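Observations on the model geometry
Listed below, chain by chain, are the residues.
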Amino acid sequence: METQKTTGTNTASPILVYLVAIYTASLLTANILANHMIVVIHWTTTAGILTFPITYILASVLAEVYGYKWARRAAWLSLALSALLALLIQLSLLLPQPEWYDSSVFAEAIGGTWRIVVASLIAFTLGKFVNDKAFYHLKQGRKGMQGFTFRAMASSLGGHIVDTTIFTLVAFAGVIPWDALPAMIILQVCLKWGYEWIALPLTIKVVKWISRKESAYRSGT
């Protein structure tokens, strides 16, 4: 006998589960990659730029298709797991180690993740709050995909400015020369926002496809 699908707003469909999983994995990966510096043209930035913008793209998808509550749930879950990751890394460094094992390479590579994660927790929380609130208010009174491009990109820009500024100052003040921080912040905001503009056509198609799939799922077809 076929089980009837529950269509309440608190019910997670298979697609929603996948999106939240990718969202969380992207943030965790960004926090690890942020320990590594790369050069873009002549400016320094963190390798976290490779995956972090994915979280903002998915935040727009989640907010557009599933609503503000699910976008926030995904954000809080990602932050909680990031904190757990930092705690486990620090615990692994404190536990006894074999005499023949040199943990200095591991410690040097990602031992600073705790600071990255603390910076991420503060910056991501405030940046996501700005992004989600802006997206929510810009969506009011509009049906379907009407105005999606504007609200997605405008809310993301605000979120990126807040997030990147706080993250860079908390994570790298005293590590990177002070005169290099402003350029690093501007570069990261431009790269993240540019990343989203490039991905925008695909994002719109994904939103439309997921919306159709969710409608079919909720109707039981």
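Above this text sits the structure in question.
Computed from a predicted structure; not experimentally measured.

All right, on to the packing of helix H2 (residues 52-65) against helix H7 (residues 181-219) then. The geometry of H2 relative to H7 is characterised by a closest axis approach of 9 Å and an angle of 35 degrees between their N-to-C directions. Considering only the axes of H2 and H7, their crossing is right-handed. Where H2 approaches H7, its residues Phe52, Pro53, Ile54, Tyr56, Ile57, Val61, Glu64 and Val65 are matched on the opposing element by Lys192, Tyr195, Glu196, Ala199, Thr203, Val207, Ile210, Ser211, Glu214 and Arg218. For the contact of H2 with H7, the residue count by class is 11 nonpolar, two polar and five charged.

Further remarks concern helix H1 (residues 14-33). The first and last C-alpha atoms of H1 sit 28 Å apart over 20 residues, in line with the 28 Å expected at 1.5 Å per residue. Along H1, the residues that are buried comprise Ile15, Leu16, Leu19, Val20, Tyr23, Thr24, Ser26, Leu27, Ala30 and Asn31. Among the structural elements, H2, helix H3 (68-94), helix H5 (113-139) and H7 are those in contact with the buried residues of H1.

Moving on, we come to the packing of helix H6 (residues 148-172) against H7. In helix packing, the relevant descriptors are the interaxial angle and the interaxial distance, both defined with respect to the helix axes. Running from N to C, H6 and H7 cross one another at 150 degrees; their axes reach a closest spacing of 9 Å. Where H6 crosses over H7, the two elements pack in a sense that is right-handed. Residue composition of the contact of H6 with H7, grouped by class: 15 nonpolar, eight polar and three charged.

Of all hydrophobic cores here, the largest spans 30 residues; its most connected members are Leu19, Tyr23, Leu62, Tyr66, Phe124, Phe148 and Ile210. A total of eight residues in this core trace back to one element, the largest contributor, which is H2. Sequence-distant contacts of tyrosine 66, that is, excluding residues within four places in its chain, are made with Ser13, Ile15, Leu16, Leu19, Val61, Ile210, Glu214 and Arg218. Core analysis: the second largest hydrophobic core is formed by 10 residues, Ile116, Ala123, Phe167 and Met184 among them.

Definitions and limits used
Counting restarts for each chain, with residues numbered from 1 along the sequence as it is written. In view of the model being predicted, local features appear only for residues whose pLDDT reaches at least 70, and side-chain atom pairs are presented and counted only at 80 or more, with totals across whole chains, interfaces and linings using the full set of residues. Working from all heavy atoms in the structure, the side-chain values ignore hydrogens and water. Only C-alpha atoms enter the line fits that serve as axes; for helices the fit covers just the stretch in contact. Angles between N-to-C directions range over 0 to 180 degrees. Secondary structure counts use DSSP, requiring at least four H or I residues in a row for a helix and at least two E residues in a row for a strand, with both numbered from the N terminus. Crossings are sorted by hand: turned counterclockwise from the far helix by less than a right angle, the near helix makes the crossing left-handed, and turned clockwise it makes it right-handed. Here, residues are in contact when the closest pair of their heavy atoms is within 4.5 Å. When residues are sorted by character, Ala, Val, Leu, Ile, Met, Phe, Trp, Tyr, Cys and Pro go into the nonpolar class, Asp, Glu, Lys and Arg into the charged class, and all the rest, Gly among them, into the polar class. Multiplying 1.5 Å by the helix residue count minus one yields the expected span of that helix. Think of it in three bands: residues with accessible area under 20% of the maximum for their type are buried, residues over 50% are exposed, and the middle band is partly exposed, with areas taken using a 1.4 Å probe on protein chains only. Take the buried residues of types Ala, Val, Leu, Ile, Met, Phe, Trp, Tyr and Cys, join any two whose side-chain atoms come within 4.5 Å, and each joined set is a nonpolar core.

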